[in-house]
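# Structural overview for review
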Amino acid sequence: MSIWEDYGRFRLQTARTGAVSYQELQRCLDDLDGATGTRSFELGRSWQQRHIRAVEIGTGACQVLLWSQMHGDEPTHTVVLLELLRFLLSGDDRATSLLSQLTLTLVPMLNPDGAERGTRQNAQGIDINRDARRLASPEAESLWRLCEERSFDFAFTLHNQRRSRTVDGEHLCALSLLVPPMDASHTETFGVRLAKQVGSVIREATEPHAQGMLSRYVAGFMPRCFGEAIQMRGTGALLIEAGACPQMEGEWLTRLHLHAVVAGLDGLALGNLA
């Protein structure tokens, strides 16, 4: 199955294209309760006591964590993860194969307070992604506890970047990738190499659909960020940023990023990583 060609089967109809509200998310997850092969649970509560929910699916030995919207104003991958669940529950042979090789834990909206307020930070004014060391926010504490309780082999940290982000100073970027370093020397561990390989698979899969709109996200070593913190734990981590360009509003962007995430999961499941 081509996710790109068959995207209409999994596209999520939402009130605002390319985004879901907290209430819409709850309804989507409620609809999944009891679906064959899914195991939902409450990861924790936000500062304002909204539910932070997670869904586990698959029976494979490789444990993969995917979380999105830790910044409340970055909604694209919340939709993507819900569409990913629709694909995985479709009964398609490709989905069945993935589920036999992988066990996925999805956290579609880590920062529901920020999502409701339209802010990057949580209701305390904390940037959750910069809270991996202090764990001063309940949202960061919930995510870190999950990472300690389960031995994840790989993690996708999913974001939106600034609309002004360009590939070459001129063309706006649709998708950017970053392998968070595990130290200031950029030591290449097994997890770092694995993340580079998964990133390469994603780039190859998405290039035909977004030519000239892919880039490497550039950032220094930030040990208080979750990508680095997880990489230092030995879990391979890849950061994916959704961008902006004239044709990318809403559906095009979620389509591209669903295609990207499934390609990355395929690489992990099949071991076809160069």
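Residues numbered from 1 in each chain as written. Predicted model: local features only at pLDDT ≥ 70, side-chain atom pairs only at ≥ 80, totals over all residues. Heavy atoms only, no water.

## As for the side chain of Asn129
Quick note on the threshold: A run of H or I in DSSP counts as a helix once it spans at least four residues, and a run of E counts as a strand once it spans at least two, with each numbered from the N terminus. Exposed residues in this analysis have more than 50% of their type's maximum accessible area, buried residues have under 20%, and partly exposed residues fall in between, with area computed by a 1.4 Å probe over protein chains only.
In this structure, Asn129 sits in the loop between α4 (112-117) and α5 (138-149). Given a relative accessible area of 7%, Asn129 falls into the buried group.

## A look at the sheet that holds strand β7 (residues 214-216)
The condition that has to hold: Here, any two strands with at least 2 DSSP bridges between them count as paired. Convention adopted: a line fitted to C-alpha atoms gives each axis, helices being fitted over their contacting stretch, and angles between N-to-C directions are expressed from 0 to 180 degrees.
Here 8 strands make up an open sheet; going across it, the order is β1-β2-β4-β3-β5-β8-β6-β7 and the pairing mixed. Each edge of the sheet is formed by a strand with only one pairing partner; in this case those strands are β1 (38-45) and β7. Pairs of neighbouring strands in the sheet enclose a mean axial angle of 20°, with direction left out of account. Where strand β6 (residues 175-178) lies against strand β8 (residues 236-242), 4 bridges are found, and the strand directions are antiparallel. Bridge pairing links Leu175 to Ala242 in β8.

## Concerning the pattern of salt bridges
Going by this rule: Each reported salt bridge corresponds to a side-chain nitrogen of Lys or Arg within 4 Å of a carboxyl oxygen of Asp or Glu.
According to the stated counting rule, one finds 13 salt bridges in the structure shown. The closest approach of N and O atoms between Glu251 and Arg11, which form a salt bridge, is 3.4 Å. Placement of the pair is Glu251 in helix α8 (residues 251-270) and Arg11 in the segment before α1 (22-32), with a sequence separation of 240 residues. Residue Asp127 pairs with Arg120 through a salt bridge whose shortest N-O separation is 3.0 Å. Given a relative accessible area of 15%, Asp127 falls into the buried group. By relative accessible area, Arg120 is classed as partly exposed at 27%.

## Some words on the packing of aromatic side chains
Convention followed: Pairing of aromatic rings covers Phe, Tyr and Trp, the last counted by its six-membered ring, and requires centre-to-centre distances within 6.5 Å; plane angles under 30 degrees mean stacked, over 60 mean edge-to-face, and any other angle means tilted.
Scanning the model with the defined rule gives 5 aromatic pairs in all. Seen from their ring centres, Trp4 and Trp252 are 6.4 Å apart, and the 85° between their planes marks the pair as edge-to-face. Here the residue Trp4 occupies a position in the segment before α1, and Trp252 occupies one in helix α8, the gap between them amounting to 248 residues. Comparing Trp4 with Trp252 shows no difference in burial state: the two are buried.

Everything listed is a geometric property; what it means functionally is a separate question.
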